[in-house]
Amino acid sequence: SVQGHPLYVQEEDVVYFGSNDGAMYKLRAADGKMLWRFGSNAEILRQPILVLRTLYLVNANDTLCAVDADSGKLTPLATHDVGKSVNWVLAVKQK
């Protein structure tokens, strides 16, 4: 089932959401077609963040994953254990 809040990207008409099956999904909003599935090995309970075509997500094991928004593949950032005591704030300079 869907966990947390889905992320809707209006410009592309797509939805990203985590699930209790340990996966992040990208669906086309118009018809619900699955565009990709990324397995993270633990539930994804929080809303992902999209920055410059990279989707950042944290799973229930507190692992931060950076996933290419187009392909659904892990980016060179790979994964990092962020631990329960770390709060992440992501700032992006707007053009």
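The structure we're discussing is the one just above.
Residues numbered from 1 in each chain as written. Predicted model: local features only at pLDDT ≥ 70, side-chain atom pairs only at ≥ 80, totals over all residues. Heavy atoms only, no water.

> Describe the pattern of salt bridges, with residues and values.
All told, the structure shown has six salt bridges when counted by the stated rule. A salt bridge links Asp 31 to Arg 28, with the shortest nitrogen-to-oxygen separation between them at 3.0 Å. The residue Arg 46 makes a salt bridge to Asp 62 at a minimum N-O spacing of 3.6 Å. With Arg 46 in the loop between strand E4 (34–39) and strand E5 (49–51) and Asp 62 in the loop between strand E6 (54–58) and strand E7 (63–68), the pair connects residues that are 16 residues apart, well separated along the chain. (Salt bridge = Lys/Arg side-chain N within 4 Å of Asp/Glu carboxyl O. Helix = DSSP H or I, 4+ residues; strand = E, 2+ residues; numbered from the N terminus.)

> Tell me about the nonpolar core, and please be specific about residues and values.
Judged by nonpolar contacts, the single largest core of 13 residues is most densely connected at Tyr 16, Met 24, Trp 36, Phe 38, Leu 55, Leu 57 and Val 67. Elements with a contribution of two residues or more to this core: strand E1 (2–9), strand E2 (14–19), E4, E6 and E7. Leu 57 has contacts with Met 24, Phe 38, Ser 40, Ile 44, Pro 48, Thr 63, Leu 64, Cys 65 and Val 67, leaving out every residue within four places of it along the chain. In this structure, Phe 17, Ala 23, Tyr 25 and Leu 27 belong to the second largest nonpolar core, which totals five residues. (Core = buried A, V, L, I, M, F, W, Y, C linked by side-chain atoms within 4.5 Å. Buried < 20%, exposed > 50% of the residue type's maximum accessible area, 1.4 Å probe, protein only. Contact = heavy atoms within 4.5 Å.)

Just distances and angles here, no functional claims.
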